[in-house]
Amino acid sequence: MALSKIGYERSEQMKSTAMGEFEAWASSYDASPLQRFLFQPAYRMVLEEIYRWRKDDDRPFDALDIGCGTGTLPAMLAASSLPVRAVGLDYSPAMCTVGEKKARETGLDDRLSFVAADSEHLPFPDGSFDVVSCSNSFHHYPHQETVVKEIRRILRPGGRFLLIDGFRDNVIGWVVFDMIVKAVEKEVFHAPWPTIDGYFRRAGFQAIRRRKFGFWLPLLLTVGEA
Ligand SMILES: C[S@@+](CC[C@H](N)C(=O)[O-])C[C@H]1O[C@@H](n2cnc3c(N)ncnc32)[C@H](O)[C@@H]1O
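Presented here is a report on the structure given in the accompanying data block. (Residues numbered from 1 in each chain as written. Predicted model: local features only at pLDDT ≥ 70, side-chain atom pairs only at ≥ 80, totals over all residues.)

**Topic: the overall build of the protein chain**
Defined as follows: Under the DSSP-based scheme used, a helix requires at least four consecutive residues in state H or I and a strand at least two consecutive residues in state E, with every element numbered from the N terminus. In this setup the radius of gyration rests on C-alpha atoms only. A globule is expected at 2.2 Å times the number of residues raised to 0.38. Three exposure classes are used, all based on how many other C-beta atoms lie within 10 Å of a residue's own C-beta (placed from the backbone): buried at 20 or more, exposed at 12 or fewer, and partly exposed between those limits. Any residue pair is listed as a contact if its two C-beta atoms, each placed from the backbone, are within 7 Å.
For the protein chain, the helix and strand inventory stands at seven helices and seven strands. In the protein chain, the succession of helices and strands from N to C terminus is α-α-β-α-β-α-β-β-α-β-α-α-β-β. The C-alpha atoms of the protein chain give a radius of gyration of 16 Å, which matches the 17 Å a tight globule of 226 residues would have. Considering only C-alpha atoms, the protein chain reaches an extent of 45 × 40 × 35 Å along its principal axes. Counting all 226 residues of the protein chain, 42% fall into the buried class. Within the protein chain, contacts between residues separated by at least 24 positions form 71% of all contacts whose residues are at least 6 apart in sequence.

And the structure:
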């Protein structure tokens, strides 16, 4: 079923399932074996893209990571040599609390902050960020197209959106994400790549490109320019 057509009850169910799962997982999230096999490779792909784009530009820029979990990706960005101010946003207050604590402990809290909010309603004015990333979180969103439009709204002209999530368009990805992950996480949807492409195009993104990587846990990175 197209996600745009799902009813209010089902969408609230998706959100409360995600919230329950992640509030409970926050304190042990960083020790999960999935860090090594799924999350860290995704962070590296996103950081590599941002670094390649910004490395020769010494102007400060603003980055937002939505569905940031414990904030490892924005923390890695904030700790890099790039002149970035980073914000992590997550629906789960417990995830944000862990992220804030890590930022304080590593002395990154002057360039990294956290906001507990829903990716569907980003609490920022139009044109607030130069880059928005979303790593392994998009499949939890009941209104994915709305989220992509929100991201386009808060990006400055020339800004970029980097979306990374499970690639379910080959047999391995279908078994892993549509069968196994769905059986475990229940209310999730890994969008096929043409669906993601449509979200980006209709939100007004240009120069859309994608890279698939990983064999047993295939991931898809989609990048669009505002
Ligand atoms: C699998 S974790 C990924 C966390 C982090 N991006 C990473 O790659 O490690 C998914 C995260 O998405 C968050 N999330 C789910 N639905 C959300 C929503 N509607 N708005 C914001 N965050 C959401 C969850 O709370 C959770 O922290």
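**Section: the environment of H140**
Looking at the secondary structure, you find H140 in the loop between strand 4 (129-135) and helix 5 (144-154). H140 gets classed as buried once you count the C-beta atoms within 10 Å, which come to 22. For the pair H140 and K186, spaced 46 residues apart in sequence, the C-alpha separation works out to 9.7 Å. The contacts of H140, once residues within four sequence positions are left out, are M14, A18, G67 and V188.

**Observations regarding the sheet that holds strand 4**
Under the convention used in this document: Being paired, for any two strands, means DSSP has found at least two bridges between them. To get an axis, fit a line to the C-alpha atoms, keeping to the stretch in contact for a helix; angles then go from 0 to 180 degrees between the N-to-C directions.
Within the open sheet, the seven strands sit side by side as 3-2-1-4-5-7-6. Their pairing is mixed. The open sheet terminates on both sides in strands that have one partner only, identified here as strand 3 (112-116) and strand 6 (206-213). Across the sheet, the mean angle separating the axes of adjacent strands is 15 degrees when strand polarity is ignored. Pairing analysis gives six bridges linking strand 4 to strand 5 (residues 155-166), with the strands arranged parallel. Residue pairing for strand 5: C134 is matched across the bridge by L163. Those strands touched by helix 4 (residues 93-105) are strand 2 (84-90) and strand 3, and its axis lies near 170 degrees from that of strand 3.

**Focus: helix 4**
Rule in force here: To estimate how far a helix should reach, multiply one less than its number of residues by 1.5 Å. Our arc is simply the arc of the directions from the helix axis toward the C-beta atoms.
For helix 4, which comprises 13 residues, the first-to-last C-alpha distance of 18 Å matches the rise-based estimate of 18 Å (1.5 Å per residue) to within 8%. All of the buried residues in helix 4 are M95, C96, V98, G99 and A103. Looking straight down helix 4, one finds that the buried residues subtend no more than 160 degrees of arc, so they occupy a single side. For helix 4, exposure combined with an orientation more than 90 degrees from the buried face picks out R104 and E105. If you follow the buried residues of helix 4, they end up packed against helix 1 (8-25), helix 3 (72-78), strand 2 and strand 3. Backbone geometry just downstream of helix 4 places G107 in the positive-phi region, at approximately 70 degrees.

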